[in-house]
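Summary of structural features
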Amino acid sequence: MKVLIIGAHGKVGHLLIGELQSKNIDFVAGLRSQKQIDAFEANNIPAQFIDLTASLEDIHKSIKDSGADVIVFSAGAGGAGYDMTLQIDLDGAVKTMMVAEALGIKRYIMVSSIFSDNRDKWDASGIKPYMIAKHYADEHLRGTDLDYTILHPGALTDDETVGKVKLLGDDEAGSIPRIDVAKSLASIIKNPNTIGKEYNIASGDTPIDDAFN
């Protein structure tokens, strides 16, 4: 197994690196700039250039060159504007799914958002275009032949790990430390029982590995 973390420079993606290292899971950090790549490689972290705004052909080459057989999509425009949100969170995500199918990379794990499938919650979120982008990226993923898992975390915090989660109902809210999202992703990667499933998560009382079993 070799995991390509698309969006490894983001907070969750960066934390996932540490979790995969602790579990001795082979990975490569997908990054969008040479400066980021140089910094990661200086710390002995394998990296692969991938620009989600590039052509489908260029993204195909980047993912193929990574040698990965698992993709974790944790990229996001990160407040760069709604135009970039469409290009990265929606179109960029869909392009990686198309490439995964073309390359025969079956396992695909999406970091989505709580309430991305609940239109009644979008206006109150304050980030409605982002929610729309996540919704349609998720919807496209469901229609692929990929062995997908979609993770819908609650409001993200930078708190220390709790190490335990709660599986939320469709209308329930909650928050979760980014480190526990990373731990959840690492657990999902190793658990084939999560294929074809979606999880709404927040901090709770169930140990992370148990929650996904």
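Everything discussed here concerns the structure shown above.
Below is a summary of the structure that appears in this document. This structure is a prediction, so every number in the text was calculated from the model and none was measured. (Residues numbered from 1 in each chain as written. Predicted model: local features only at pLDDT ≥ 70, side-chain atom pairs only at ≥ 80, totals over all residues. Heavy atoms only, no water.)

Here we look at the environment of aspartate 180
You can see aspartate 180 is positioned in helix α7 (residues 178-189). Counting along the chain gives 65 residues from aspartate 180 to phenylalanine 115, while the straight-line C-alpha distance between them is 19 Å. Beyond its immediate stretch of four places on either side in the chain, aspartate 180 contacts Thr161, Val162, Gly163, Lys164 and Ile208. (Helix = DSSP H or I, 4+ residues; strand = E, 2+ residues; numbered from the N terminus. Contact = heavy atoms within 4.5 Å.)

Quick word on the packing of helix α1 (residues 11-22) against α7
As a packed pair, α1 and α7 sit with axes 8 Å apart at the nearest point and diverge in direction by 55°. Taken together, the axes of α1 and α7 lie oblique to each other. The crossing of α1 and α7 is right-handed. Residues Lys11, Val12, Leu15, Leu16, Glu19 and Leu20 of α1 pack against Arg178, Ile179, Val181, Ala182, Lys183, Leu185, Ala186 and Ile189 of α7. Here the contact of α1 with α7 is built from residues that sort into 10 nonpolar, no polar and four charged. (Axes fitted to C-alpha atoms, helices over the stretch in contact; angles between N-to-C directions. Parallel < 35°, antiparallel > 145°, perpendicular 65-115°, else oblique. Left-handed = near helix turned anticlockwise from the far one by under 90°. Nonpolar A, V, L, I, M, F, W, Y, C, P; charged D, E, K, R; others polar.)

Quick look at the side chain of asparagine 118
The residue asparagine 118 is located in the loop between β5 (107-111) and α5 (122-125) in this model. Setting aside residues no more than four positions away along its own chain, asparagine 118 makes contact with Asp170 and Asp171.

Side note on the pattern of salt bridges
Applying the stated criterion across every chain, the model contains 10 salt bridges. For lysine 128, the salt bridge identified is with aspartate 123, shortest N-O distance 3.1 Å. Accessibility expressed as a relative area gives 35% for lysine 128, which makes it partly exposed. On the basis of relative accessible area, aspartate 123 is assigned to the exposed category, the value being 60%. Put simply, Asp117, Glu139, Arg142 and Glu198 are held in one network by salt bridges that share partners. (Salt bridge = Lys/Arg side-chain N within 4 Å of Asp/Glu carboxyl O. Buried < 20%, exposed > 50% of the residue type's maximum accessible area, 1.4 Å probe, protein only.)

Re unusual backbone geometry
With a phi close to 60°, asparagine 44 is a non-glycine residue in the positive phi region. Structurally, asparagine 44 can be placed in the loop between α2 (34-42) and β3 (47-49). In this structure, phenylalanine 115 is a non-glycine residue whose phi angle is positive, near 70°.

Some points on the sheet that holds strand β2 (residues 26-31)
With mixed pairing, nine strands are arranged side by side in an open sheet as β3-β2-β1-β4-β5-β6-β10-β8-β11. Bordering the open sheet on either side are β3 and β11 (206-207), each of which pairs with just one other strand. Here strand β8 (residues 164-167) runs beside strand β10 (residues 197-203); their pairing, made up of three bridges, is antiparallel. The residue of β10 that forms the bridge with leucine 167 is isoleucine 201. Set on the sheet, helix α3 (residues 56-66) makes contact with β1 (2-6), β2, β3 and β4 (70-73); between it and β3 the angle comes to about 165°. On top of the sheet, α7 reaches β1, β4, β5, β6 (147-153), β8 and β10; it is set at about 160° to β6, its chief contact. (Pairing = 2+ DSSP bridges.)

Function cannot be read off these values alone, since they describe shape.
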